[in-house]
Amino acid sequence: MQVQTGFVRTDPNSIIGCLTYQSRAVSRPTENELDQLVSQARGRNRQLGVTGMLLYENGRFLQTLEGPPAGLKQVWSSICRDQRHREIEVLTEHMVSSRLFSDWDLLLYSRDEDPRRTSRASDLAPHALAHYVPGMAQLALDGDDARLNARLASVTEQGWSADDIVSHLIEPVARAMGDAWLADRCSEFELTVGLSMLQLAGHAVRSHAASAAALRRSRYSILLATAPGEPHMLSTAMLADQFTDAGWRVEMAFPGSKEALANQIAQQGHDAVDIALSDALPRQRALLQLRETVEHCRKASPDNLVVVSVGGRMFAEATASAATVGADHARRSVGGTSVRLSQLIRQGRCP
Ligand SMILES: Cc1cc2nc3c(=O)[nH]c(=O)nc-3n(C[C@H](O)[C@H](O)[C@H](O)COP(=O)(O)O)c2cc1C
């Protein structure tokens, strides 16, 4: 296949080419072969200022590459010549003003259902939805509400479940937006507006997908709180939809301090509390404070509160665990949380 980047550039420092393609592996790579491919690619991408993501799933590759047109063109011609894959098909090719994969020379997601292979982390995004993440993050950051909703509606029409959309699309989009902010590619205002839009779009998906009759059975109650002082509330809002659909009694809290949260818990006597840090930004420094908040909440309600759950980008990416902050459960995703917490409450009541 010939190199067809077709990039027209005006300012060599600010214009970034972005290319997404899919291809078929000639033979299934072993884990070692895949690691070797990626580590070589990372070295070269770094030298050429190229960043991106490579997804391998069941014999198929999907890759997004972004970088200065010259570097991108060089990598792309090597990729096209590579005998390890065939049926290379360009899906999108355009110029962008900022990167979405910021610090990743090449982020690898891989999943293979061949039983002869040792499978890798299985909770990674299915490629069809991962493909939408960069574009949707850009739409949210551009404040393009109409196209964001249209994109989401088209994904819903493809038949993905609400949990899939939340776990593999909305949450990764929030993280991509957080990366954009961390890399100074958008303002805090744009991030906040984008997260709110995402929240509304996620709400619409959940309400479409809820099959209420089957779900309204739980008798449990939960307090859904943002961590004290945390201004981002995307997952708290999405959890509210999910727990309501599942028939839980739901209260929400946006406390300014751990004492305020503990007071609410003491007064309302919930079975569980979920305390959320930002889904967009890794809040390393907030972990110690979150640990104290969890401790405080337990003391406030020693008899009733059975389960303390936490969430946020650091838990989703496993940079922190439930044990780090003394919680019973750390969400990797909003999807499936009500089911998991029901199990934990039952276990807590009848250990
Ligand atoms: C699916 C796939 C993705 C690849 N991605 C990259 C990449 O992002 N960067 C890179 O330098 N090489 C990548 N490679 C490897 C290149 O195709 C090539 O082997 C390597 O860059 C050496 O280039 P050369 O043969 O032109 O010397 C990839 C190969 C495959 C099969």
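What you are looking at is a predicted structure, and each value in this text was computed from that prediction instead of being measured.

### Focus on the site of the ligand
Taken together, 16 residues form the shell around the ligand, and within it Arg44, Asn45, Ser78, Arg81 and Asp82 come nearest. For the ligand, an oxygen atom lies 3.1 Å from a polar atom in the side chain of arginine 84. When the ligand is considered free in solution it has 610 Å² of accessible area, and contact with the protein chains removes 79% of it. Among the secondary structure elements, those contributing two or more residues to the shell around the ligand are α1 (31-48), β3 (60-67) and α2 (69-81). Residue classes in the shell around the ligand are distributed as 8 nonpolar, 4 polar and 4 charged.

### A look at the sheet that holds strand β10 (residues 329-330)
Spatial ordering of the open sheet is given by β7-β6-β8-β9-β10, a layout of 5 strands whose pairing is parallel. Both outer strands of the open sheet, β7 (249-253) and β10, are each paired with one neighbouring strand and no more. In this sheet, β7 lies alongside strand β6 (residues 221-226) in parallel orientation, the contact comprising 5 bridges. Bridged to isoleucine 222 within β7 is valine 250.

### A short note on helix α11 (residues 286-300)
Taking 1.5 Å as the rise per residue, α11 with 15 residues should run 21 Å; its terminal C-alpha atoms sit 21 Å apart, in good agreement. Along α11, the positions that sit buried rather than exposed are Ala286, Leu287, Leu290, Thr293, Val294 and Cys297. Here the buried residues of α11 occupy an arc of 110° about the axis, which is enough to place them on one side. Counted as exposed and oriented over 90 degrees from the buried face of α11: Leu288 and Lys299.

Conventions adopted
Residues numbered from 1 in each chain as written. Predicted model: local features only at pLDDT ≥ 70, side-chain atom pairs only at ≥ 80, totals over all residues. Heavy atoms only, no water. Near = heavy atom within 4 Å. Polar contact = N/O pair within 3.5 Å; in protein donor to acceptor, adjacent residues only side chain to side chain. Areas by Shrake-Rupley, 256 points an atom, 1.4 Å probe, with all protein chains shown as cover. Helix = DSSP H or I, 4+ residues; strand = E, 2+ residues; numbered from the N terminus. Nonpolar A, V, L, I, M, F, W, Y, C, P; charged D, E, K, R; others polar. Pairing = 2+ DSSP bridges. Expected span 1.5 Å × (residues − 1). Buried < 20%, exposed > 50% of the residue type's maximum accessible area, 1.4 Å probe, protein only. Arc of directions from axis to C-beta.

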